[in-house]
Amino acid sequence: MGKTKFLGEFSKGKKGVFFSAQRLNSFANLRLFEKAVESYSETEEHFDRWRDAFLRIADFAKEERFLLAIDDFADLVFEDESILKDFRAAFENEWRNTQIFVAAACGRVYFTESEIIAENSAAAVRRPLIVKLDELDYFDAAKVLPKGVSARDKLRYYCCLGGVPEYLLMVKENESFEQNIRRLFLEENSPLGFALQEIYTYELREPEFYSSILAALAGGCKRINEIVAATGESSTKVNKYLLTLLQMQIVNRDVPFGEEGRTSRKGVYSVAPKALAFWYRFVMPNRAAIARGEAAVENITAAVDEYISGKLYEQVCTQYMQRKNKQGMLPFLGSVISGYWGSLKECGDAQIVAANQRNRQILFAKCAERFVQGTAEQTIAALRQNDRLFTEYWERYDMLFSLEPFPRDFRNAENMKLKLVDAEALYK
């Protein structure tokens, strides 16, 4: 999610060594580390062990502030736990009385959390500052896109590429949305065509089974029994592997407002990285056609609009509400913002709920592709059905989201209790 760029920008103007680990064995990476140290010391360096290399770093940090920046640290130590032990020993001994600052960027989320920053890991040191680089939200992702992109296309790009700056920067200004998506995903040598799956699953054993689960989720499965049916595996195995994907933050599990997360039977699963979900939905089933140079999807824009009109659009609307809540621009300061569905059958058409539990204030938001002229009265009457839900909340509000501009009768009905947000308003 931009960790290399983040670390590079942080390192600018600071005295130190910047080392980018590679997926090589310990010996080969040690030779590369020598070169990185030589670029700073301007003398020939040689280390027989990583402990010797870390001891040498201590020499630079004795008299002044010194930065040791290691990119892809998890790749460095993945196959050789002794490096972790040497790293920890350096903190406890050689680096203790120096002015060193160590910044390490890690791409293997599951391995990093379970083996590097866990309290009982070989690398555990004095509690570090941990920064998780998440994807950009829909609003900030739009800033990376070329100027002149319409609000509707901003949504389309976000739902296909997610908030990964590297992917968003691949969008070309002189190409239409459809041309960009075909070039990025659906041509034989597309940059996101065949390698994207490996980016997320390379640290997993049995990647083919994890891939089967992700394909099932991207294809519309939301519950355990649906994934079991789609993969042909036992529920025990599906649960076990889903837990790993959840820990790696490749899969999300959402429960409706008012339900306890761990015990709710209404929980639904989805693929978290949007580019990966798009890959499993559109690229994987069409790889043979792509390899033959055929048009894998005839009408990308129409297919994408259908694809994003449900859960993905709801996620964008939720992010809008979260952003406005932080800015103090909702009718009240919400302590909880989440989706709500009364039954599993309704989860595909969920509402979004913002609530202040202390002050008994609640807001229901409904997302739709468009609202038709002359239906405002019926829509508002339908919103009143929510008055039967969560009756302990006495101050109630409503919000409507539409991908298309609202008809006049809806605009006339807007008031302090009813807020309307179309695609253009999402970016204001």
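Structure shown above.
Owing to the predicted nature of the structure, the values given are computational and were not obtained by experimental measurement. (Residues numbered from 1 in each chain as written. Predicted model: local features only at pLDDT ≥ 70, side-chain atom pairs only at ≥ 80, totals over all residues. Heavy atoms only, no water.)

A look at the side chain of Asp398
We count it as follows: Secondary structure elements are taken from DSSP: a helix is a run of H or I of four residues or more, a strand is a run of E of two residues or more, and numbering for both begins at the N terminus. Contacts: residue pairs with any heavy atoms within 4.5 Å of one another.
Within the fold, Asp398 resides in strand S9 (residues 395-402). The contact partners of Asp398, leaving out residues within four places of it in the chain, are Leu363, Phe364, Leu383, Arg384, Asn386, Lys417, Leu418 and Lys419.

Brief notes about helix H3 (residues 50-60)
As a reminder of what qualifies: Relative accessibility decides the category of a residue: with a 1.4 Å probe and only protein chains considered, values under 20% of the type maximum give buried, values over 50% give exposed, and everything between is partly exposed. To obtain the arc, one takes the directions from the helix axis to the C-beta atoms.
For H3, the set of buried residues is Trp50, Ala53, Phe54, Ile57, Ala58 and Phe60. Projected onto a plane normal to the axis of H3, the buried residues spread over an arc of 155° and lie on a single side. Buried residues along H3 sit against strand S1 (16-20), helix H2 (26-41), strand S2 (66-71), helix H4 (73-77), helix H5 (81-92) and strand S3 (100-105).

Side note on the pairing of S1
Regular strands place their side chains on alternate faces of the sheet. Definition in use: Strands are treated as partners if at least two bridges between them are detected by DSSP.
Of the two faces of S1, only one is covered, namely that formed by Val17 and Phe19; the face formed by Gly16, Phe18 and Ser20 stays uncovered. Alignment of S1 against S2, held across 5 bridges, turns out to be parallel. The residue of S2 that forms the bridge with Phe18 is Ala69.

Focus on the sheet that holds S1
Our working definition: For every element, the axis is a line fit to its C-alpha atoms; helices are fit only across the contacting stretch, and the angle between N-to-C directions ranges from 0 to 180 degrees.
The 3 strands are arranged S1-S2-S3 in an open sheet whose pairing can be described as parallel. Either end of the sheet is taken by a strand with one partner, and the two such strands are S1 and S3. Taken over all neighbouring pairs, the strand axes of this sheet differ in orientation by 10° on average, direction set aside. On top of the sheet, H2 reaches S1 and S2; it is set at about 150° to S1, its chief contact.

A word on the packing of helix H13 (residues 224-231) against helix H14 (residues 235-247)
Which entries qualify depends on this criterion: What sets the label is the angle itself: under 35 degrees gives roughly parallel, over 145 gives roughly antiparallel, 65 to 115 gives roughly perpendicular, and the rest give oblique. Residue polarity is assigned by list, with Asp, Glu, Lys and Arg as charged and Ala, Val, Leu, Ile, Met, Phe, Trp, Tyr, Cys and Pro as nonpolar; anything else, Gly included, falls into the polar class.
Remark: H13 packs on H14, axes separated minimally by 9 Å, with the N-to-C direction vectors making an angle of 110°. Here H13 lies roughly perpendicular to H14, going by the angle between them. Contact residues: H13 offers Ile224, Ile227, Val228 and Thr231, while H14 offers Ser235, Val238, Asn239 and Leu242. When the residues that make up the contact of H13 with H14 are grouped by side-chain class, the tally is 5 nonpolar, 3 polar and no charged.

Here we look at the layout of surface pockets
The following threshold applies: For cavity detection a 1 Å grid was placed over the protein atoms alone, and a set of points counts as a cavity when a 1.4 Å probe fits there but cannot get out; an open set counts as a pocket when protein lies on both sides within 12 Å along at least five of seven lines, with lining residues being those that have an atom within 4 Å of a point. Grid points are joined across faces, edges and corners, and a volume is the space filled by probe spheres set on the points.
The volume enclosed by the second largest pocket comes to roughly 500 Å³. Along its surface, the second largest pocket is lined by 22 residues, and Leu217, Ala218, Gly220, Lys222 and Lys311 are the ones closest to its centre. Considering each element in turn, the lining of the second largest pocket owes the most residues, 4 residues, to strand S5 (residues 268-271). For the lining of the second largest pocket, the residue count by class is 11 nonpolar, 6 polar and 5 charged.

Some remarks on the packing of aromatic side chains
Selection criterion: Stacked, tilted and edge-to-face are the three classes applied to pairs of Phe, Tyr and Trp rings, where Trp contributes its six-membered ring and a pair requires centres within 6.5 Å; stacked means planes under 30 degrees apart, edge-to-face means over 60, and tilted covers the rest. Any Lys NZ or Arg CZ that is within 6 Å of a ring centre and within 35 degrees of that ring's normal is treated as a charge sitting over the ring.
Applying the stated criterion to the full structure yields 34 aromatic pairs. For the pair Phe60 and Phe66, a centre-to-centre distance of 5.4 Å together with 35° between the ring planes defines the contact as tilted. The two residues Phe60 and Phe66 agree in class, both being buried. A ring pair is formed by Tyr138 and Phe139, whose centres lie 6.1 Å apart and whose planes are at 80°; its orientation type is edge-to-face. Taking relative accessible area as the criterion, Tyr138 reaches 1% and is therefore assigned buried. Residue classification places Phe139 among the buried residues on the basis of a relative accessible area of 18%. A cation over a ring is seen here: Lys154 above Tyr427, with NZ or CZ 4.9 Å from the ring centre.

A word on the packing of helix H12 (residues 207-218) against H14
Where H12 meets H14, the closest approach of the two axes is 10 Å, and the angle between their N-to-C directions is 85°. Taken together, the axes of H12 and H14 are roughly perpendicular relative to one another. Contacts from Phe209, Tyr210, Ile213, Leu214 and Leu217 of H12 reach H14 at Lys237, Val238, Tyr241, Leu242, Thr244 and Leu245. Grouping the amino acids of the contact of H12 with H14 by side-chain chemistry returns 9 nonpolar, 1 polar and 1 charged.

Description of the sheet that holds strand S8 (residues 361-368)
The 5 strands are arranged S6-S7-S8-S9-S10 in an open sheet whose pairing can be described as mixed. The open sheet has two edge strands with one neighbour each: strand S6 (336-340) and strand S10 (418-422). Between one strand axis and the next, the sheet turns by 20° as a mean value, whatever way the strands run. Here 5 bridges tie S6 to strand S7 (residues 351-356), and the two strands are oriented antiparallel to one another. Within S7, the position partnered with Gly339 by the bridge is Ile352.

Overview of the side chain of Arg396
Spelled out, the test is: Identification of polar contacts relies on pairs of N or O atoms within 3.5 Å, with a donor-acceptor requirement for protein atoms, meaning one able to donate a hydrogen and the other able to accept it, and with residues adjacent in sequence counted only if both atoms are side-chain atoms.
Within the element layout of this structure, Arg396 appears in strand S9. On the basis of relative accessible area, Arg396 is assigned to the buried category, the value being 15%. Reaching out from Arg396, the side chain makes a polar contact with the backbone oxygen of Tyr393 at a distance of 2.8 Å. Leave out the neighbours within four places in its chain, and Arg396 touches Ile362, Phe364, Asn386, Asp387, Leu389, Phe390, Thr391 and Lys417.

That's the geometry; what it means functionally is another story.
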